[in-house]
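# A closer look at the structure
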Amino acid sequence: ETVPLEMHKVRIVQKLSLPPVERRLEKITEAGNNTFLLKNDDVFLDMLTDSGVNAMSDRQQAAMLIADDSYAGSATYTRLEDKLREIFGMHYFLPTHQGRACEHILAKVLVSPGKVVPMNYHFTTTKAHITLQGGTVEELVTDAGLEVVSVNPFKGNMDIAKLRAVIEKHGADKIAFVRMESGTNLIGGQPFSLANLADVSNVCKEHGIPLVLDASLLADNLYFNKTREDHCKALSIREITRRTADLCDIIYFSARKLGCARGGGICIRDQATYQKMRPLVPLYEGFLTYGGMSVREMEALTVGLDETMDEEMINQGPQFIGYMVDQLTERGVPVITPAGGLGCHVDAKRFVDHIPQSQYPAGALAAALYIASGIRGMERGTLSEQREPDGTEIFANMELVRLALPRRVFTLSQVKYAVDRIAWLYDNRKLIGGLTFVEEPEVLRFFYGLLKPV
Ligand code: F0G
């Protein structure tokens, strides 16, 4: 077996506790069987997300102490802006409080009723912001991207023929922008290839359509470009990053993921677009030199972005995830393959094939796994979809329980514990029943909806 090796040592620790199973049952019931509503005190291993919970380095922590506090023109902000220019080569930057705030600004400026946004795959908050502005999303991931069991190294690729057909169908003037998502979140953290991005970029250029990159999960995508794509093997991570950026007009990101910090922002190549978006930052986020981020967050981000250019840093997530996926596969547990970034994705459609999609199999499995292990995962299936305007349920293409491995947080023994508990639950899967809503919010319902056993 291939065993991942930590290229860091642990210098600060946080105590964990593993509540007994009776308490776990009580807590998940109180939480309406929604793992978002559990208190972290009642969780042993928090694999809900990698968002804002990646481990920071000593250099990031140190940088936070030399932050320059000022509302306007802080030296901290200038360091961040310089670092982004250095890495992505785009001149303009707008800071925001997190990734979805970038999506809010992009949608407000670029999307209006009747506009279409083609993308490799949607993300929950992205789609919500686009539809809120009256736009629609067209998902153009290759058919291979939706095959749960696969050896395709780039399941996040966009289907170029589908892209051309969508532009033809709506007309280029109706396309607000094309969006490519690094480390495609909802289909299992799957990367796109640099070659595919170049093809997408060519089509965009032909039609004068801006290409927007969601770089929240760029670190994982870069690692897979480097290790799975022949023409990238001789390039440094920094070079792959620049080649990626050079193909795009706008790059936005959640710094809760990229750069192992907090916050986010939008890098923009063209001055006119920057000038259209700029007024929204003081309005919704904060002044132009912090955009809702604290100076400490910005310092940590600047260092974190630099460290993201280190292959021995960005290989940690994918290698641990690869190990977890291999171990579960060996035990017969259905998971998404090949292993992607972000986390290990358990395939609930096959795991609990006795639960129909109308009863949220992935939500049910996430709740059951917490009871069986004290591990908190996240539903990424039908619960995470939004209903059609007429109320019809949209069944997700995939029913996944995502077990995120925040970067450099968990040890190999903790991953082994997770594998053991998931395998136990798989052997006892008929214990798991479906769920139904007790209280269903209208927007982004998965965050705080309450459910009960059917
Ligand atoms: N884009 C992608 C690809 C994301 O994964 C996220 C967040 C966002 C945008 C929004 O960024 O949270 O900073 O507002 N993903 C988190 C997750 C929430 O758990 O997957 P945000």
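Going by what an unreviewed UniProt entry lists, the chain is known as Tryptophanase and is assigned to Rhodopseudomonas pseudopalustris. In the Subunit (unreviewed entry) part of its UniProt record, the chain is described as follows: "Homotetramer." According to the UniProt record, the Cofactor (unreviewed entry) comment for the chain is "pyridoxal 5'-phosphate".

Broken down by element type, the chain carries 17 helices and 14 strands. Taking 2.2 N^0.38 as the reference for a compact globule, 454 residues should give roughly 22 Å; the C-alpha atoms of the chain span a radius of gyration of 21 Å, in line with that estimate. Each of the three principal axes of the chain carries a C-alpha extent, and together these read 60 × 55 × 45 Å. Burial analysis of the chain (454 residues in total) assigns 50% to the buried set.

This brings us to the packing of helix α16 (residues 361-373) against helix α17 (residues 412-427). Look at α16 against α17: their axes get within 10 Å of each other, and the N-to-C directions meet at 115°. For the crossing formed where α16 meets α17, the hand is right-handed. Here Ala368, Leu369, Ala372 and Ser373 of α16 lie close against α17, whose contacting residues are Ala418, Arg421, Ile422, Trp424 and Leu425. Residues belonging to the contact of α16 with α17 are distributed by class as follows: seven nonpolar, one polar and one charged.

Let us look at the nonpolar core. Formed by 132 residues in total, the largest nonpolar core has its most connected members in Val178, Ile251, Met324, Val346 and Leu365. The dominant element in this core, judged by the number of residues it contributes, is α16, at eight residues. The residues that make up this core include at least three from each of domain 1 (21-50 + 315-453) and domain 2 (58-312).

Let us now look at the sheet that holds strand β12 (residues 400-404). Pairing within the open sheet is antiparallel, and its three strands lie in the order β9-β12-β11. Of all strands in the sheet, those with a lone pairing partner are β9 (343-347) and β11 (378-380), marking the two edges. Neighbour to neighbour, the strand axes of the sheet diverge by 30° on average, direction disregarded. Sheet topology note: the β11/β12 ladder contains three bridges and is antiparallel. Looking at β12, one finds that Met378 is bridged to Arg402.

Helix α9 (residues 237-246) packs onto helix α8 (residues 218-228) with a crossing angle of 110° between their chain directions and a minimal axis gap of 10 Å. On the basis of the axis angle, α8 is roughly perpendicular to α9. When α8 is examined against α9, the residues Leu222, Asn225 and Lys226 are found in contact with a partner set consisting of Ile237, Ile240 and Thr241. Of the residues belonging to the contact of α8 with α9, the class tally is three nonpolar, two polar and one charged.

Quick look at the domain arrangement of the chain now. How big an interface is tends to be stated in terms of accessible area lost as the parts join. Looking at the chain, the domain boundaries give domain 1 (21-50 + 315-453) and domain 2 (58-312). Computed over C-alpha atoms, the centres of domain 1 and domain 2 are 26 Å apart. The interface is formed by 22 residues belonging to domain 1 together with 25 residues belonging to domain 2. Put simply, the parts of the chain that give the side of domain 1 that touches domain 2 at least two residues each are α14 (316-330) and β9. Looking at the side of domain 1 that touches domain 2, the element that brings in the most residues is β9, giving three residues. Class assignment for the residues of the side of domain 1 that touches domain 2 results in eight nonpolar, ten polar and four charged.

Procedures and definitions
Residues numbered from 1 in each chain as written. Predicted model: local features only at pLDDT ≥ 70, side-chain atom pairs only at ≥ 80, totals over all residues. UniProt positions renumbered as here; feature names shortened; annotations may be inferred. Helix = DSSP H or I, 4+ residues; strand = E, 2+ residues; numbered from the N terminus. Rg over C-alpha atoms; globule rule 2.2 N^0.38 Å. Buried ≥ 20, exposed ≤ 12 C-beta atoms within 10 Å, placed from the backbone. Axes fitted to C-alpha atoms, helices over the stretch in contact; angles between N-to-C directions. Left-handed = near helix turned anticlockwise from the far one by under 90°. Contact = placed C-beta atoms within 7 Å. Nonpolar A, V, L, I, M, F, W, Y, C, P; charged D, E, K, R; others polar. Core = buried A, V, L, I, M, F, W, Y, C linked by C-beta atoms within 7 Å. Domains from an automatic or database assignment. Pairing = 2+ DSSP bridges. Parallel < 35°, antiparallel > 145°, perpendicular 65-115°, else oblique.

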